[in-house]
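# Structure assessment
One-letter residues, chain by chain:
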Amino acid sequence: MKRILLAALFALSTGGANAQEVTLRAVTSFAEKTQFSKNFERFIDRVNETGKGQVQINYIGGPRAMPPFEVGNAVRTKVVDIANVTGAFYTNLMPEADGFKLIGKPMSEQRKNGTWAYVNELHNKKLNSYYLARQFHNVPFHIYLNKKPEKLDLTGLKIRVTPVYKDIVEALGGTAITTAPGEVYTALERGVVDGYGWPVTGIFDLGWEKVTKFRLEPAFYSVEVNVLVNQDVWNGLSAAQKKVLSDAALWLEALDKENDALIKSERDRQTAAGIQPIDFGPAEGKKFLDKANDVAWQSVIKRAPDTAPKLRQLAGN
Ligand code: 173
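Structurally, Ile-159 is set in strand 6 (residues 158–161). Residues Ile-159 and Val-192, 33 residues apart in the sequence, show an inter-C-alpha distance of 9.0 Å.

Dropping the structure here:
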């Protein structure tokens, strides 16, 4: 009996033949197989290929498995081990996260100039997580509309937002209504909102071209979708396991080189689908961009006065 117990304990502690292999549970805050989950799914495939015998990822899925605004907290509390999530979805736990959209430098540069290290430190402290990767630095956002304003002003319009767009929508006189992406289609269909914020890419994956008339120019900010690993899980990995994940993270960040071509084709597709650009010209556009930058930094600095100024300095805008 004693011998059987010992044998069982031994098997447990070593994990048998795959002594080293760890399996991480993963979720994404965007619908599965859509634009902002796709590259994370490729990352998972790569880890499962390169990490055999070391580390594997078990993909639980997207918003059907977990509401998007809960994903940050789920990584913090180790309900999941690894997640694909935008900072906009965890500003309740980390107000600085709303500033990441204002950092548009390539990740290769951010990893050299101290930005990655500082943003990682913030994740360690406030979200009990390790900042493994950031994607889509070169993809901007737009405000899409179903009513055409006379000038660059949203007075009288109800716009679906997340923290990404809230400050600029309100600064332009619009009424901001926060929803998860999963509620946007119905809100547009029922006229609960007159427009919404979303990146330049991805609306076709969600069918939103059917309920969208206009795209307001210019594009602004910088998409950030992060891969976060629970800090205790990260600390418990061996050097070899960390290397598998870190190498795959750099590979994932390098996929941003695909985005310029993607943006062009999505804009063409929007035009073909009858979505008309609304453009008030370069002078108005410049005013809009300056305002978008200023109101967002002011808002982040107000909510995170101790840390956001350093983020702004690193962002250089
Ligand atoms: O609009 C959103 O839901 C949002 O904030 C976002 C952030 C990054 C990528 C896509 C959407």
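That shown, we press on.
Tallying each qualifying case throughout the model produces 19 salt bridges. One salt bridge connects Lys-38 with Asp-205, and the closest N-O pair in it is separated by 3.7 Å. Taken together, the positions of Lys-38 in helix 2 (residues 35–50) and Asp-205 in helix 8 (residues 203–206) put the pair 167 residues apart, joining distant regions of the chain. Residue classification places Asp-205 among the partly exposed residues on the basis of a relative accessible area of 32%. Taking the shortest distance from any N to any O, the salt bridge between Asp-98 and Lys-101 comes out at 3.0 Å.

What follows covers the site of the ligand. Taken together, 15 residues sit near the ligand, with Arg-160, Thr-162, Tyr-165, Trp-198 and Pro-199 positioned nearest. Contact between the ligand and Arg-160: an oxygen atom at 2.8 Å from a side-chain N or O atom of the residue. A distance of 2.5 Å separates an oxygen atom of the ligand from a polar side-chain atom of Tyr-165. Across the complex, the protein chains shield 100% of the 300 Å² of accessible surface that the ligand would expose by itself. Assessed atom by atom at 2 Å from the grid points, the ligand resides in the largest cavity.

So, about the side chain of Asn-84. Relative to the helices and strands, Asn-84 resides in strand 3 (residues 82–85). Classification of Asn-84 as buried rests on a relative accessible area of 0%. Within polar-contact distance, the side chain of Asn-84 engages the backbone oxygen of Phe-36 at 2.8 Å. Side chain to side chain, Asn-84 and Gln-135 meet in a polar contact 2.9 Å long. Discounting residues that sit within four places of it in the chain, Asn-84 has contacts with Val-27, Thr-28, Ser-29, Phe-30, Phe-36, Ser-37, Phe-40, Gln-135, Val-225, Asn-226 and Val-227.

You can see Glu-109 is positioned in helix 4 (residues 107–112). Distance from Glu-109 to Phe-40, taken between C-alpha atoms, is 21 Å for residues 69 residues apart in sequence.

Time to look at the confidence of the model for the protein. When pLDDT is averaged across the protein, the result is 95; 94% of the residues are at 70 or more. A low-confidence stretch, residues 1–18 (pLDDT under 50), is modelled with two contacts involving residues beyond four sequence positions or located in other chains.

Okay, the packing of aromatic side chains next. This model, assessed by the stated rule, comprises 18 aromatic pairs. With a centroid separation of 5.5 Å and an interplanar angle of 40 degrees, the aromatic rings of Phe-30 and Phe-89 are classed as tilted. Note that Phe-30 is positioned in the loop between strand 1 (22–28) and helix 2 and Phe-89 in the loop between strand 3 and helix 4, a separation of 59 residues in sequence. Neither Phe-30 nor Phe-89 differs from the other in exposure class; each is buried. Taking 6.4 Å as the distance between ring centres and 80 degrees as the angle between the ring planes, the aromatic pair formed by Phe-30 and Trp-198 counts as edge-to-face. Remark: Trp-198 occurs in strand 8 (residues 195–199) and Phe-30 occurs in the loop between strand 1 and helix 2; sequence separation between them is 168 residues. Note on Phe-30: relative accessible area 7%, which makes it buried. Overall, the relative accessible area of 5% leaves Trp-198 in the buried class.

A few words now on the pairing of strand 1. Bridging between strand 1 and strand 2 (residues 55–61) involves six bridges; their strand directions are parallel. Following the sheet pairing, Val-22 is matched in strand 2 by Val-55. In this fold, the crossover linking strand 1 to strand 2 by way of helix 2 has right-handed handedness. Note: strand 1 against strand 3, three bridges, orientation parallel. Bridge pairing in strand 3 places Thr-28 opposite Asn-84.

Conventions used here
Residues numbered from 1 in each chain as written. Predicted model: local features only at pLDDT ≥ 70, side-chain atom pairs only at ≥ 80, totals over all residues. Heavy atoms only, no water. Helix = DSSP H or I, 4+ residues; strand = E, 2+ residues; numbered from the N terminus. Salt bridge = Lys/Arg side-chain N within 4 Å of Asp/Glu carboxyl O. Buried < 20%, exposed > 50% of the residue type's maximum accessible area, 1.4 Å probe, protein only. Near = heavy atom within 4 Å. Polar contact = N/O pair within 3.5 Å; in protein donor to acceptor, adjacent residues only side chain to side chain. Areas by Shrake-Rupley, 256 points an atom, 1.4 Å probe, with all protein chains shown as cover. 1 Å grid on protein atoms, 1.4 Å probe; cavity = no way out; pocket = protein on both sides within 12 Å on 5 of 7 lines; lining within 4 Å. Sits in = over half its atoms within 2 Å of the grid points. Contact = heavy atoms within 4.5 Å. pLDDT = per-residue confidence, 0-100. Phe/Tyr/Trp six-rings, centres within 6.5 Å; stacked < 30°, edge-to-face > 60°. Pairing = 2+ DSSP bridges. Right-handed = clockwise from strand over helix to strand, strands pointing away.

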